[in-house]
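Letter by letter, the chains look like this.
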Amino acid sequence: MTTASEAAPDGKGEIATPASTRRALLEGQRRGYTAVRSVLVQLPEADERGGRAGVLARFVHERRHHALLAYLLLLGSFPEIHERREPLSSAVWVRALTGSDPACPTWTASTLSRTWGVLEDMGLISRCRRARLVDVQPRREDGQQDYAPPVGGKSWEETYFVVPDQFWTEGLFSKLSLPALAMFLLLLKETNKRPEFHITFDQVEQWYGITRRSAQNGIAQLKTLNIISSRDQRVAAPLAPSGTTTHIYYQLTGPYSTAARNDLRRLARAARSEHVPGSDQ
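Residues numbered from 1 in each chain as written. Predicted model: local features only at pLDDT ≥ 70, side-chain atom pairs only at ≥ 80, totals over all residues. Heavy atoms only, no water.

A.B. asks: Explain the overall build of the protein to me, and be specific about the residues and the numbers.
C.D. replies: Counting its regular elements, the protein contains ten helices and nine strands. Counting only carbon and sulfur atoms, one obtains 49% of the accessible surface of the protein, whose full area is about 14,900 Å². (Helix = DSSP H or I, 4+ residues; strand = E, 2+ residues; numbered from the N terminus. Areas by Shrake-Rupley, 256 points an atom, 1.4 Å probe, with all protein chains shown as cover.)

A.B. asks: Help me get a handle on the environment of Leu 40, residues and values and all.
C.D. replies: Inspection of the secondary structure assignment puts Leu 40 in the loop between strand E3 (33-37) and helix H2 (55-61). Exposure remark for Leu 40: the relative accessible area of 0% places this residue in the buried category. Taking C-alpha positions, Leu 40 is 5.5 Å from Val 55, a pair spaced 15 residues apart along the chain. Apart from the residues lying within four places of it in its own chain, the contact partners of Leu 40 are Gly 54, Val 55, Leu 56, Phe 59, Tyr 71, Leu 72, Glu 141 and Leu 185. (Buried < 20%, exposed > 50% of the residue type's maximum accessible area, 1.4 Å probe, protein only. Contact = heavy atoms within 4.5 Å.)

A.B. asks: Give a detailed account of helix H1 (residues 18-26), specifying residues and quantitative values.
C.D. replies: Within H1, burial applies to Ala 19, Ser 20, Thr 21, Arg 22, Leu 25 and Leu 26. Along its buried surface, H1 packs onto strand E2 (14-16), E3, helix H3 (65-81), helix H4 (90-97) and helix H6 (166-169).

A.B. asks: Describe the side chain of Thr 191, and please don't skip the residues or the numbers.
C.D. replies: Of note, Thr 191 is situated in the loop between helix H7 (178-190) and strand E7 (197-198). Classification of Thr 191 as buried rests on a relative accessible area of 0%. For Thr 191, the residues in contact, after removing those within four places along its chain, are Glu 196, Phe 197, Tyr 250, Leu 252, Thr 258 and Arg 261.

A.B. asks: A description of unusual backbone geometry should follow, citing residues and the corresponding values.
C.D. replies: In this model, Arg 30 sits at a positive phi of 55 degrees, which is unusual for a non-glycine residue. Examined against the element boundaries, Arg 30 turns out to sit in the loop between H1 and E3. In this structure, Asn 226 takes a positive phi of about 60 degrees despite not being glycine.

A.B. asks: For the pattern of salt bridges, give the residues involved together with the corresponding values.
C.D. replies: Under the counting rule described, the total for this entry stands at 13 salt bridges. Residue Glu 62 is joined to Arg 58 by a salt bridge in which the shortest nitrogen-to-oxygen separation is 3.0 Å. Across the salt bridge formed by Arg 127 and Glu 120, the nearest N and O atoms sit 2.9 Å from each other. On the basis of relative accessibility, which here comes to 31%, the residue Arg 127 falls in the partly exposed class. Salt bridges sharing partners connect three or more residues here, namely Arg 37, Glu 141 and Glu 158. (Salt bridge = Lys/Arg side-chain N within 4 Å of Asp/Glu carboxyl O.)

A.B. asks: Describe the nonpolar core, naming the residues involved and giving the relevant values.
C.D. replies: Counting residues in each nonpolar core, the largest one holds 68 residues, and the members touching the most others are Phe 167, Phe 184 and Leu 185. Of all the elements, H3 adds the most residues to this core, at eleven residues. The contacts of Leu 185, once residues within four sequence positions are left out, are Leu 40, Val 41, Leu 56, Leu 68, Leu 72, Phe 161 and Val 163. Tyr 33, Tyr 160, Val 162 and Ala 268 belong to the second-largest nonpolar core, a separate cluster that totals six residues. (Core = buried A, V, L, I, M, F, W, Y, C linked by side-chain atoms within 4.5 Å.)

A.B. asks: Could you give me a rundown of the confidence of the model for the protein, with the residues and numbers involved?
C.D. replies: Scored by pLDDT, the protein has a mean of 89; 87% of the residues are at 70 or more. Looking over the protein, one finds the lowest element-wise mean pLDDT in strand E1 (residues 5-7), namely 55, and the highest in H7, namely 98. Counted against residues more than four places away or in other chains, residues 277-281, with its pLDDT under 50, gives four contacts. (pLDDT = per-residue confidence, 0-100.)

A.B. asks: Tell me about the pairing of strand E4 (residues 125-130), and name the residues and values.
C.D. replies: With six bridges connecting them, E4 and strand E5 (residues 133-138) associate as antiparallel partners. By the bridge assignment for E5, Ser 126 is matched with Gln 137. (Pairing = 2+ DSSP bridges.)

A.B. asks: Provide a residue-level description of the packing of H7 against helix H9 (residues 212-224), including the pertinent values.
C.D. replies: Between two packed helices, the angle of one axis relative to the other and the distance separating the axes together describe the packing. Where H7 contacts H9, the two axes come as close as 7 Å, and the packing angle between them is 80 degrees. One way to sum up the angle between H7 and H9 is to call them roughly perpendicular. Residues Pro 179, Ala 180, Met 183, Phe 184 and Leu 187 of H7 lie in contact with H9, whose contacting residues are Ser 214, Ala 215, Asn 217, Gly 218, Ile 219, Gln 221 and Leu 222. Grouping the amino acids of the contact of H7 with H9 by side-chain chemistry returns eight nonpolar, four polar and no charged. (Axes fitted to C-alpha atoms, helices over the stretch in contact; angles between N-to-C directions. Parallel < 35°, antiparallel > 145°, perpendicular 65-115°, else oblique. Nonpolar A, V, L, I, M, F, W, Y, C, P; charged D, E, K, R; others polar.)

A.B. asks: Could you give an account of the packing of H4 against helix H5 (residues 109-121), naming the residues involved and the relevant values?
C.D. replies: For the pair H4 and H5, the least separation of the axes is 9 Å and the interaxial angle reads 95 degrees. Taken together, the axis directions place H4 and H5 in an arrangement best described as roughly perpendicular. Counting all contacts with H4, which are made through Ser 90, Trp 93, Val 94 and Leu 97, the residues of H5 involved are Ala 109, Leu 112 and Trp 116. Grouping the constituent residues of the contact of H4 with H5 by class yields six nonpolar, one polar and no charged.

A.B. asks: Could you give an account of the packing of aromatic side chains, with specific residues and numbers?
C.D. replies: What describes a pair of aromatic rings is the distance from one ring centre to the other and the angle between the planes of the rings. Under the definition given, this model contains seven aromatic pairs. Both rings, one in Phe 167 and one in Phe 173, keep their centres 6.5 Å apart while their planes meet at 65 degrees; by these two values the pair is edge-to-face. The exposure classification of Phe 167 matches that of Phe 173, with both residues buried. Taking 5.6 Å as the distance between ring centres and 15 degrees as the angle between the ring planes, the aromatic pair formed by Phe 167 and Phe 184 counts as stacked. (Phe/Tyr/Trp six-rings, centres within 6.5 Å; stacked < 30°, edge-to-face > 60°.)

Structure, rendered in structure tokens:
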């Protein structure tokens with residue numbers, strides 16, 4: 001079990017751990033989750049090439065594991081960093097993104113700098129120098145505007161799914177390969193309102209721009225880690241040789257299940273109502 005702090009190398013006092021740094025960055029949300037716009041995963045309409053793949057597919061295709069993790073943490077940290085008088089140092093971000101699992105990407109100051117450059121090129125962050133430090137702020141999940149937290153509703157620009165804080169605080173972020181992380185985010189989006197989702201690997205490639213192989217590998221790891229469960233349902237298929245086919249339905253489990261995420265949102269609404277009399281948001 002990771003403690004909030006550990007002894008300093010010189011024996012004087014304690015120093016923050018990666019886990020305590022992540023918790024401190026997420027505390028500003030005060031709701032137990034990060035709201036991520038659905039357009040990260042899938043666009044509402046076809047682009048000029050006829051596809052609906054969101055920027056998530058580009059992360060996977062270009063193997064930008066570092067960049068996807070940094071962007072997700074940046075979104076979760078937005079309430080904490082947005083109005084800081086002084087930007088966070090690179091050492092804080094490196095510490096927060098450092099995981100204990102061997103599968104987690106390694107981080108150094110130079111790795112972080114390159115990662116910010118990748119995200120800037122993708123239009124997903126803005127950065128400038130302030131107080132001799134690099135100030136990094138997220139841009140909207142489709143890279144089209146400056147960032148503001150999504151408010152929900154029917155507008156596609158505001159529709160979002162939630163990533164529970166346990167993703168960071170319990171270390172899941174450090175265990176998932178890039179394909180598994182992509183499929184995890186896809187399933188979070190698609191089980192936002194329904195507990196299970198049916199899709200084939202060919203449809204993942206067609207609808208989300210993530211290759212069949214990446215989808216297969218991602219789902220396999222999520223099953224190994226018991227993050228998802230699945231059930232098979234036989235249905236009639238008049239054009240199939242056997243007259244039947246099997247649909248596979250996927251469910252996220254534990255704190256990532258639809259029910260658990262709905263509970264987080266209900267608690268967040270109740271907390272807002274207590275602080276803002278008459279609020280029903």
